[in-house]
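Coordinates in review
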Amino acid sequence: MTSMSLNAAAGLSGMLKAGHTHQEGVDGATLRNIEAAKSLSTIVRTSMGPNGMNKLVVNHLEKMIVTSDCATIVKELEIEHPAAKMLQLAAEMQDQECGDATNLTVSFAGELLTLTEDLLRMGLHTSEIIAGYKKAGDRLN
């Protein structure tokens, strides 16, 4: 018998810490990705516009930065989640191409993902949601 108390009959939940959550399948992964990207959107949303609030960011070098510029906030955050990292890259590309509207890019993506989450919970398939967003984008042109 090992020194660790592992209940083999409990399966996966017997191996993980108390309070863990376990999700299976594509829907669980999709919802976790949406939550990660929405978190980044929530961070920068309140700094949008002329009355936007400043954020205090402490980077990995312990340097304190006070700014309401989304490009700076997103650049200084150490983002590890792949979905949130994609939003960070989108904001960086927007900054490189136009030099502005990074906050709009991240906030708009967050709102689209909020709506996407609602559609997924209603039972729509991911491919149907993507097709709908493409159709809406085509109508804008």
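Note that residues are indexed from 1 along each chain, following the sequence as it is written. Owing to the predicted nature of the model, reporting of local features is limited to residues with pLDDT of at least 70; listing and counting of side-chain atom pairs is limited to 80 or more, with chain, interface and lining totals taken over all residues. Note that the side-chain values use all heavy atoms of the structure and ignore hydrogens as well as water.

What follows concerns the layout of surface pockets. Lining residues are those with an atom within 4 Å of a point, where the points come from a 1 Å grid over the protein atoms alone and group into cavities, where a 1.4 Å probe fits but cannot get out, or pockets, open sets with protein on both sides within 12 Å along at least five of seven lines. Grid points are joined across faces, edges and corners, and a volume is the space filled by probe spheres set on the points. Computed from the structure, the largest pocket encloses a volume of approximately 520 Å³. Per the convention used, a helix needs a DSSP run of H or I reaching at least four residues, while a strand needs a run of E reaching at least two, with both numbered from the N terminus. At the level of secondary structure, the elements contributing two or more residues to the lining of the largest pocket comprise helix 2 (25-45), helix 4 (82-97), helix 5 (102-122) and helix 6 (126-140). Top contributing element to the lining of the largest pocket by residue count: helix 5, with five residues. Each residue belonging to the lining of the largest pocket can be placed in one class, and the counts come to 13 nonpolar, four polar and no charged. Throughout this entry, Asp, Glu, Lys and Arg are counted as charged residues, while Ala, Val, Leu, Ile, Met, Phe, Trp, Tyr, Cys and Pro are counted as nonpolar. The remaining residues, Gly among them, count as polar.

Below, the discussion takes up the pairing of strand 1 (residues 55-58). Think of it in three bands: residues with accessible area under 20% of the maximum for their type are buried, residues over 50% are exposed, and the middle band is partly exposed, with areas taken using a 1.4 Å probe on protein chains only. Across the two faces of strand 1 the burial differs, with K55 and V57 buried and L56 and V58 not buried at all. Taken together, strand 1 and the strand that follows it, strand 2 (residues 64-67), pair antiparallel across an intervening segment of five residues, in which E62 is found at a positive phi of about 65°. A pair of strands is labelled paired if DSSP reports no fewer than 2 bridges between them.

Okay, helix 5 next. What a helix should span is 1.5 Å times the count of its residues minus one. Taking 1.5 Å of rise per residue, the 21 residues of helix 5 would be expected to cover 30 Å, and the 31 Å separating its terminal C-alpha atoms lies within 8% of that figure. For helix 5, the complete set of buried residues consists of T102, N103, V106, S107, A109, G110, T116, E117 and L120. The first or second residue beyond helix 5 is G123, which carries a positive phi of 110°.

On to the pairing of strand 2. Going residue by residue along strand 2, you find I65 and T67 tucked away on one face and M64 and V66 left uncovered on the opposite face. Summarising the sheet, strand 1 and strand 2 pair through four bridges and their orientation is antiparallel. Note on strand 2: the bridge partner recorded for K55 is T67.

Moving on, we get to helix 4. With 16 residues, helix 4 extends 22 Å between its outermost C-alpha atoms, agreeing within 8% with the 22 Å of an ideal straight helix rising 1.5 Å per residue. Listed in full, the buried residues belonging to helix 4 are A83, A84, L87, Q88 and A91. Each buried residue of helix 4 sits inside an arc of 155° when the element is viewed along its axis, so together they form one side. Turned more than 90 degrees off the buried face of helix 4, the exposed positions are P82, M86, Q96 and E97. Of the residues flanking the end of helix 4, it is G99, one or two places downstream, whose phi is positive at about 80°. Comment: arc refers to directions from the helix axis out to C-beta atoms.

As a further point, take the packing of helix 4 against helix 5. The interhelical angle for the contact between helix 4 and helix 5, taken along N-to-C directions, is 150°, at an axis separation of 8 Å. In this view, helix 4 runs roughly antiparallel relative to helix 5, as classed from their interaxial angle. For the pair helix 4 and helix 5, the sense of crossing is right-handed. Contacts between helix 4 and helix 5 pair L87, A90, A91, Q94 and D95 from the former with T102, T105, V106 and A109 from the latter. Here the residues of the contact of helix 4 with helix 5 sort into five nonpolar, three polar and one charged. Lines are fitted to the C-alpha atoms to define the axes, a helix being fitted only along its stretch in contact, and any angle between axes, read from their N-to-C directions, falls within 0 to 180 degrees. Reported orientations rely on four angle classes, namely roughly parallel under 35 degrees, roughly antiparallel over 145, roughly perpendicular from 65 to 115, and oblique for the rest. Definitions for this section: a left-handed crossing has its near helix turned counterclockwise from the far helix by less than a right angle. A right-handed crossing has that turn clockwise. A contact between two residues is defined here by any heavy atoms of the two lying within 4.5 Å.

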